[in-house]
Amino acid sequence: KLGRAWAGLAVASMNMKRLAQAEEYYKTTLALLDRMSEREKYRTLGTYYSGFLHNYPQALEAYRKLVFLFPGDGAGWNNLSIAQVFTLNIPEALAASRHALEINPRSLQYRLNFALYSMYAGDFDGAVAEAQKTLTENPSYEFAYLPLALSTLGKGDIQGAREIYGRFEKASAYGFSIAKMGEADLEMYLGRYREALEPLAAGIAADTKEKSTGELALKYVGEAEARLALGQTAQAVALATKAAELFKADNVLLPAARVLVQAGQEAKARGIADTLNLMLQTQTRSYARLISGEIALNKKQIPQAVEALQEAQKLHNSWLSHFLLGRTYFEGGHAAEALAEFEICRKRRGETTDLLFADTSTLRYLPPLYYWLARAQEGTGMTKAAHETYREFLKLRTDANAGDPLVADAKRRSSS
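Source: prediction; values computed, not measured.

K.L.:
Before we move on, could you go through helix H19 (residues 319-331) and cite the residues and values that matter?
P.N.:
Given 3.6 residues per helical turn, the α-helix brings residues three or four places apart onto the same face. The end-to-end C-alpha distance of H19 is 19 Å, a good match for the 18 Å that 13 residues give at a rise of 1.5 Å each. Within H19, twelve of the 13 residues are buried, which leaves the element mostly enclosed by the surrounding structure. Buried residues along H19 sit against helix H15 (250-262), helix H17 (282-298), helix H18 (302-315), helix H20 (335-347) and helix H21 (367-379). Looking at the residues trailing H19, positive phi occurs at Gly 333, about 85 degrees.

See the structure below:
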């Protein structure tokens, strides 16, 4: 009847993306709330609201009460920082995380989170330094490999990132799974979608064996994106559909729906948007509108797309909302408005490392920004800046698979 122990099991299950198991543990936990102290209740409810229900405003309220009543509670400050990340308040997340570290400088978990938030803020040097400190303190603390690899890639060190993923995959079954997704993400970041299929296949086989449905679904999404880029539309649709059926969490449903939109499967994408809308949380309702906006953009319905994307942005000011709104403005002939949105995306590029904060690698979403930013710069008469940005994009896609339309167009425009 120790409620905090059941809560710990629930959190561990969520971290491993085993949601059904976490739900069962939380049922037991909540039934034992009346046996807990005030401090224990706030800690328990905070993780329940944040990690399980994804009700981040409610989680913020619980954690703020906790640290007000118990200002020396390092775990409270740490968990407050997590909720602030999910509400996209990265500066406040960094501040709360730093405070947790000041209370307990030896906590590897707190230092890991500080490394992650530094990465989200675009401070790749700081993130690398903190991740390395963590691994120096405890070389077996494998979770630090993810921000270390992503931040190293964000700094432009491709070979360094490859080596880190190579070390990560040897750490454990969990490390192997996360690293294989990272290796695939790295290849897609470089436009090497064909080469991404091999690590994805290895990761899918491992996740199937381990019955890691959450990680498996993320890899199905990654493969769907790679197949779509290679023109294998039917396979992409099948994989995206499979991912959405396997793991009904927003970090899978949104990217799966985007694959379906781009593959012309509007009805299936709308079905996922309906599912997200019914989840009732602020960010899931925002994601539902992102899907509607991208459908409208694909159909060249610019006013409808702008309206849906602006609604999405008001609900949840995500990096993706700015990117899609920029695309829409540009397609509608409004290069100046597009430029403003893309500039915001460039300033917030750190968020693309793990776009939906799912402890995975998504830096592959960043390079297309540079192409569209260059188009917007060109559209506003900033010719010199546009040429520099095209070259920045092409530098990343030097070894891209043949037939990439953005690469071909960027080469033509940058040489004219």
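More follows now that the structure is in view.
K.L.:
Lay out helix H4 (residues 56-69) in plain terms, naming residues and giving numbers.
P.N.:
Taking 1.5 Å of rise per residue, the 14 residues of H4 would be expected to cover 20 Å, and the 20 Å separating its terminal C-alpha atoms lies within 8% of that figure. Of the positions making up H4, those classed as buried are Tyr 56, Ala 59, Leu 60, Ala 62, Tyr 63, Leu 66 and Val 67. On an axial view of H4, the arc spanned by its buried residues comes to 165 degrees, and they lie on one face. Against the buried residues of H4 lie helix H3 (38-52), helix H5 (74-86) and H17.

K.L.:
Hey, could you go over the packing of aromatic side chains for me, with residue numbers and the actual values?
P.N.:
With the rule as written, the count across this model stands at 18 aromatic pairs. Residues Tyr 56 and Phe 86 carry aromatic rings whose centres are separated by 4.6 Å and whose planes lie at 5 degrees to one another, so their mutual orientation is stacked. A residue pair is termed long-range when its members are at least 10 positions apart, and Tyr 56 in helix H4 and Phe 86 in helix H5 qualify at 30 residues. The same class applies to Tyr 56 and to Phe 86, which are both buried. Each residue in the set Tyr 56, Phe 86, Tyr 117, Tyr 120 and Phe 357 is aromatic and connected to the rest through ring pairs, giving one cluster.

K.L.:
Report on the environment of Gly 3, specifying residues and quantitative values.
P.N.:
By secondary structure assignment, the location of Gly 3 is in helix H1 (residues 3-15). Looking at Gly 3, the relative accessible area reads 6%, which means it is buried. Note: C-alpha distance between Gly 3 and Leu 30 (27 residues apart in sequence) is 7.7 Å. Here Gly 3 is in contact with Thr 29, Leu 32 and Met 36, once residues within four sequence places are set aside.

K.L.:
Which residues make up the side chain of Glu 294, and what values go with them?
P.N.:
Tracing the chain through its elements places Glu 294 in helix H17. Filtering out sequence-adjacent residues up to four positions away, Glu 294 remains in contact with Arg 258, Val 261, Gln 262 and Leu 324.

K.L.:
Run through the packing of H19 against H20, naming residues and quoting values.
P.N.:
The contact between H19 and H20 brings their axes to 8 Å, and the two run at 155 degrees. Comparing the axis directions of H19 and H20 gives the class roughly antiparallel. H20 is crossed by H19, and the crossing has left-handed handedness. In this structure, H19 contributes Trp 319, His 322, Phe 323, Leu 325, Gly 326, Arg 327, Tyr 329 and Phe 330 to the contact, and H20 contributes Glu 337, Ala 338, Glu 341, Phe 342, Ile 344 and Cys 345. Classifying every residue of the contact of H19 with H20 gives nine nonpolar, two polar and three charged.

K.L.:
Give me the lowdown on the pattern of salt bridges, citing residues and values where you can.
P.N.:
As enumerated under the stated definition, the model contains 30 salt bridges in all. For Glu 137, the salt bridge goes to Arg 106, with nearest N and O atoms at 2.2 Å. With Glu 137 in helix H8 (residues 124-137) and Arg 106 in the loop between helix H6 (90-103) and helix H7 (108-120), this residue pair connects regions lying 31 residues apart in the sequence. A salt bridge links Arg 327 to Glu 331, with the nearest nitrogen and oxygen atoms 3.9 Å apart. Remark: Glu 331 and Arg 327 occur in helix H19; sequence separation between them is four residues, near one turn of the helix.

Reading the values: rules and limits
Residues numbered from 1 in each chain as written. Predicted model: local features only at pLDDT ≥ 70, side-chain atom pairs only at ≥ 80, totals over all residues. Heavy atoms only, no water. Helix = DSSP H or I, 4+ residues; strand = E, 2+ residues; numbered from the N terminus. Expected span 1.5 Å × (residues − 1). Buried < 20%, exposed > 50% of the residue type's maximum accessible area, 1.4 Å probe, protein only. Contact = heavy atoms within 4.5 Å. Arc of directions from axis to C-beta. Phe/Tyr/Trp six-rings, centres within 6.5 Å; stacked < 30°, edge-to-face > 60°. Axes fitted to C-alpha atoms, helices over the stretch in contact; angles between N-to-C directions. Parallel < 35°, antiparallel > 145°, perpendicular 65-115°, else oblique. Left-handed = near helix turned anticlockwise from the far one by under 90°. Nonpolar A, V, L, I, M, F, W, Y, C, P; charged D, E, K, R; others polar. Salt bridge = Lys/Arg side-chain N within 4 Å of Asp/Glu carboxyl O.

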